[in-house]
Amino acid sequence: MAEDDLTYLTYLHVPELLALQHHRSDPPHPEELHFIIVHQSLELWFKLLLHDLERIIGALDADDWSGVLVLLRRVNDVMAFGLDQMRSLHDMPPWSLQEFRSYLGTASGIQSVQFRELEVLSGLRDEQYLKGLEVLSDDGIPPAVTKRLGQRSLAEAHAHAADRLGITDWAGFYADPGPNGVFYVVCESLVDYDERWIRWRNEHVTLVERTLGPRTRGTAGTAISYLQRTTRYRYFPQLWELRNDLSVRGGGELVE
Ligand code: HEM
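Residues numbered from 1 in each chain as written. Predicted model: local features only at pLDDT ≥ 70, side-chain atom pairs only at ≥ 80, totals over all residues.

Visitor: Could you give an account of the site of the ligand, with specific residues and numbers?
Guide: By nearness alone, 23 residues border the ligand, and Ser108, Gly109, Gly218, Ala220 and Thr222 come closest of all. Going through the elements one at a time, α3 (32–61), α11 (181–211) and α12 (224–230) are the ones with two or more residues in the shell around the ligand. When residues in the shell around the ligand are grouped by element, the largest group, four residues, is from α11. For the shell around the ligand, the residue count by class is 12 nonpolar, 11 polar and no charged. (Near = placed C-beta within 6 Å. Helix = DSSP H or I, 4+ residues; strand = E, 2+ residues; numbered from the N terminus. Nonpolar A, V, L, I, M, F, W, Y, C, P; charged D, E, K, R; others polar.)

Below, the structure is given as structure tokens:
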């Protein structure tokens, strides 16, 4: 298509985009459109997050701290407003969800491939989590996720950047970053990223409790305890652990 013919609608494929919301309920339930749009828009934001995470990994590898910070700021913003968009579902009357839920069959967010890609690209390698990936779908680990498992993760790129700077004593570095102050800000922005995931997971569990109830089985068959367990995941455990060491240095005591 010639550039002169290009319009907002053709450039963004708006008609195609707006034709993708297919309700399953029959007759169409008035609340189902909201449910579909929130999920679809979150998937679009996941796509941008994956794209930007790859760029952040590249910037970390190039010791380009300002490049990392500019991109991480947007990634953290996207995580925050993705959460706000999900929040709009908290207002859905619980009975409305029940009225169209049976039409969803076994469809569940647990099957979101991009969500798994994000977890893996961020650096989640928890043993139980990896085992869980194999049973997520009847066809095994989706190829896109397998590919991500073979890719350099954000956590790895961060650890290698710290190695290059000679950081071995994390508490010492946090107590006095010396000439590596900008890297300290990078580390804290990664903690912001981790924190936003914790918030996402907690809000999602709360949403599930509020709309479905704390003892209702999900469409993928899980109990709420499954989602609760995921709230303990951290992509940068080292950056959380060092706070314990700082507490000890400050005279605090650790519990078992
Ligand atoms: C009223 C709204 C929602 C309800 C009732 C709900 C319910 C659930 C339940 C029960 C699960 C556990 C798996 C299962 O047995 O089905 C789950 C997982 C999941 N949901 Fe939702 N959900 C809602 C909204 C959303 C939204 C807006 C998203 C955004 C994409 C989302 C993404 C996910 C993801 C990624 C998982 C897998 C989490 C993990 O395995 O760590 N959900 N959801």
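Resuming the write-up.
Visitor: Residue-level account of α11, with values.
Guide: Side chains three or four residues apart in an α-helix point the same way, a direct result of the helix having 3.6 residues per turn. Helix length check: α11 (31 residues) gives 45 Å between terminal C-alpha atoms against 45 Å at 1.5 Å per residue, within 8%. Among all positions of α11, only Phe183, Val186, Cys187, Leu190, Tyr193, Trp197 and Thr211 are buried. Buried residues along α11 sit in contact with α4 (65–87), α5 (94–101), α9 (154–164) and α13 (237–249). Positive phi shows up at Gly213, right after α11, with a value of about 105°. (Expected span 1.5 Å × (residues − 1). Buried ≥ 20, exposed ≤ 12 C-beta atoms within 10 Å, placed from the backbone. Contact = placed C-beta atoms within 7 Å.)

Visitor: Please give an account of unusual backbone geometry that cites residues and values.
Guide: Most peptide bonds are trans, and most residues other than glycine sit at a negative phi. Here the amide bond leading from Asp26 into Pro27 is cis, since omega sits at 0°, within 30 degrees of zero. Position of Pro27 relative to the elements: it lies in the loop between α2 (14–18) and α3.

Visitor: Summarise the packing of α3 against helix α6 (residues 113–122); cite the residues concerned and give the values.
Guide: One way to put it is that α3 packs onto α6 with a least axis distance of 10 Å and a crossing angle of 25°. With respect to α6, the element α3 is oriented roughly parallel. Crossing handedness for the pair α3 and α6: left-handed. In this structure, α3 contributes Glu43, Phe46, Lys47, Leu49, Leu50 and Leu53 to the contact, and α6 contributes Gln114, Phe115, Glu117, Leu118, Leu121 and Ser122. Grouping the constituent residues of the contact of α3 with α6 by class yields seven nonpolar, two polar and three charged. (Axes fitted to C-alpha atoms, helices over the stretch in contact; angles between N-to-C directions. Parallel < 35°, antiparallel > 145°, perpendicular 65-115°, else oblique. Left-handed = near helix turned anticlockwise from the far one by under 90°.)

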